[in-house]
Amino acid sequence: IMMRMLGVCLLVASQWVLAADDKSFTVHYQARLEPGSGLAKVTIAVQGDTLPSDLILFLDEGRHRNLTSDLPVERKGKQAILRPEQQDFHIRFDFVINNQKNSGSYDSRITDQWTILRTDKLIPSIAATAKKGVASRATLELDLPEGWVARAPYAKDENDIFRIRDPERLFKRPKGWLIAGKIGTRHDKIAGTNTVVAGPLGKGIRRQDTLAFLSYNLPYLKEVFPDFPARLLVVIAGDPMWRGGLSGTRSLFMHAERPLISGNRTSSMIHELVHVATGIRGDKQSDWIVEGLAEYYAIEILRRSGGISEKRFQDTLDELARWGEEAPSLLVRRSAAATTARAVGVMHDIDREIRKASGGDASLDDVVRELAKNRGRVTLKRFSALVAKAAGKPLMLLSPDKLGKDPAKKQ
């Protein structure tokens, strides 16, 4: 244990030396997982010659508790504000792991055998203000019960510490799903992506089936999204976890009883993989774009890989079109059920119109690649512009009267 601690200290010390040379500072996250208390005891250690002038932590007051720091902390509602005035400091807090939804299931859970959570919930969002050119290096160390191991969508160093990648952020923090405990894993490199499927032991989880499914379909998805992450973690667990799928950064969660291909020939697994690939979110009128693309490619990728026949592909589109008739408008805040079914038909029509207008030189693939490059928020205006660019002209099927009136507006 002493040798391991020495190794960690030397590693962090070497990073701190680098920080002084290139205006980088180090952030070392440490979380001790405690099944007995249901808490993660978190410490954030920050050190460097050039630090941000201001830090704002956006806390979930129900889950982030007992925050303290070497620095004075100013509280404004859910915000904890710190102004570093020294070259190293610590922030400490407790994180409540168990999070039960209204349905009674959990999207974050710890037992005496395992835990599943999202690290971007464990570590709150952090806004930083710093001089131009300042950057950070970040690591995540987990203090686990004896016999536990952990998997996250990051590479580990020789000391079993995760190296955090978040190139777009000044103050880097871990994101995506984490599973730790007495778990089983299957892994392979699929079309250049290091893929890990993990779940608790003894729970009837189909790790190898899932890995095989990914080996058939992920290469076709990566043809559409060539910038798909180089690492992918798929976490699978049964009850009492949420009975669906949830995407995260370079990772996703799927309930063990969700089929890889549903009876209507869609795939929740591919649906969530599209969310991982695009990283987009909608505004109050554009969630149908986000969910419609994910569901459309959930069947389109199966068609391309041979997972379903052309006839079954068309049958699925017909079934979704009938269901979509129940949605009077696509311009709603949250897209689900019939709204998403209708959105799939719109995406199929867009693809057909782009191919026709471009003489087969472009398709919906070109549109979603552009969305995935910039990620972030998507609007109907931006989506329409990308579609028009691919088709060489605006498409009338994206006019508001074709998509349905916005029920939020007074008539």
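Calculation notes
Starting from 1, residues in each chain are numbered consecutively following that chain's sequence as written. It should be noted that, the model being predicted, local features are given only for residues of pLDDT at least 70 and side-chain atom pairs only at 80 or more, the latter also being counted only at that level, while totals for whole chains, interfaces and linings use all residues. To obtain the side-chain values, all non-hydrogen atoms of the structure were used and water was disregarded. Put simply, DSSP H or I for four residues or longer makes a helix, DSSP E for two residues or longer makes a strand, and each gets a number counted from the N terminus. Exposure is judged per residue with a 1.4 Å probe applied to protein chains only, and the accessible area is read against the type maximum: over 50% gives exposed, under 20% gives buried, and values in between give partly exposed. In these tables, accessible area is a Shrake-Rupley quantity obtained with a 1.4 Å probe, and a residue counts as shielded only by the protein chains included in the view. Counted charges follow a simple rule, with Lys and Arg positive, Asp and Glu negative, and His plus the chain ends left uncounted. Charge placement uses NZ in Lys and CZ in Arg. For Asp and Glu, CG and CD serve respectively. Salt bridges are counted wherever a side-chain nitrogen of Lys or Arg sits within 4 Å of a carboxyl oxygen of Asp or Glu. For this analysis, a nonpolar core means a set of buried residues of the types Ala, Val, Leu, Ile, Met, Phe, Trp, Tyr and Cys, connected via side-chain atoms within 4.5 Å. Being paired, for any two strands, means DSSP has found at least two bridges between them. Between the N-to-C directions of two axes lies an angle of 0 to 180 degrees, each axis being a line fitted to C-alpha atoms and, for a helix, fitted only over the stretch in contact.

Visitor: Got a minute to help me understand the overall build of the protein in this structure?
Guide: The number of helices and strands found in the protein is 10 helices and 22 strands. Its C-alpha atoms give the protein principal-axis dimensions of about 65 × 50 × 40 Å. For the protein, with 411 residues in total, the buried portion stands at 52%. Here the protein has roughly 19500 Å² of accessible surface; of this, 48% comes from carbon and sulfur atoms. Once the 63 positive and 50 negative side-chain charges of the protein are each reduced to a mean point, those two points are 2 Å apart.

Visitor: Would you mind showing me how to read the pattern of salt bridges here?
Guide: Opposite charge on two side chains permits them to pair, given that their charged atoms come into close proximity. Tallying each qualifying case throughout the model produces 21 salt bridges. Among the ionic pairs, Asp-349 bridges to Arg-352, the shortest N-O distance being 2.6 Å. Placement of the pair is Asp-349 and Arg-352 together in helix α7 (residues 337-357), with a separation of three residues, close to one helical turn. What makes Asp-349 partly exposed here is its relative accessible area of 28%. Note that Glu-370 is salt-bridged to Lys-373, the shortest N-O span being 3.3 Å. One end of the pair, Glu-370, and the other, Lys-373, are both in helix α8 (residues 364-374), three residues apart, so they sit about a helical turn from each other. For Glu-370, a relative accessible area of 27% gives the class partly exposed. Linked through salt bridges whose partners overlap, the residues forming this network are Glu-300, Arg-303, Arg-304, Glu-310 and Asp-365.

Visitor: Quick question: what am I supposed to make of the nonpolar core here?
Guide: One broad trend across soluble globular proteins is that nonpolar side chains are buried collectively. Counting 65 residues, the largest nonpolar core has Trp-288, Leu-293, Ile-350 and Phe-383 as the members making the most contacts within it. Looking at this core, the element that brings in the most residues is helix α5 (residues 287-305), giving 11 residues. Among the nonpolar cores identified, the runner-up in size contains 40 residues, and Val-27, Phe-93, Leu-122 and Ala-150 belong to it.

Visitor: What should I look at first to understand the sheet that holds strand β1 (residues 24-34) in this one?
Guide: Adjacent strands of a sheet form backbone hydrogen bonds with each other and so pair up, either parallel or antiparallel. Taken together, six strands build an open sheet; the order of strands is β4-β7-β2-β1-β12-β14 and the sheet is mixed. Among the strands making up the open sheet, the edge pair consists of β4 (64-69) and β14 (162-164). Along the sheet, successive strands turn relative to each other by an average axial angle of 20°, direction set aside. Here nine bridges tie strand β2 (residues 39-47) to strand β7 (residues 88-96), and the two strands are oriented antiparallel to one another. In the strand pairing of β7, Gln-47 is matched with Asp-88.

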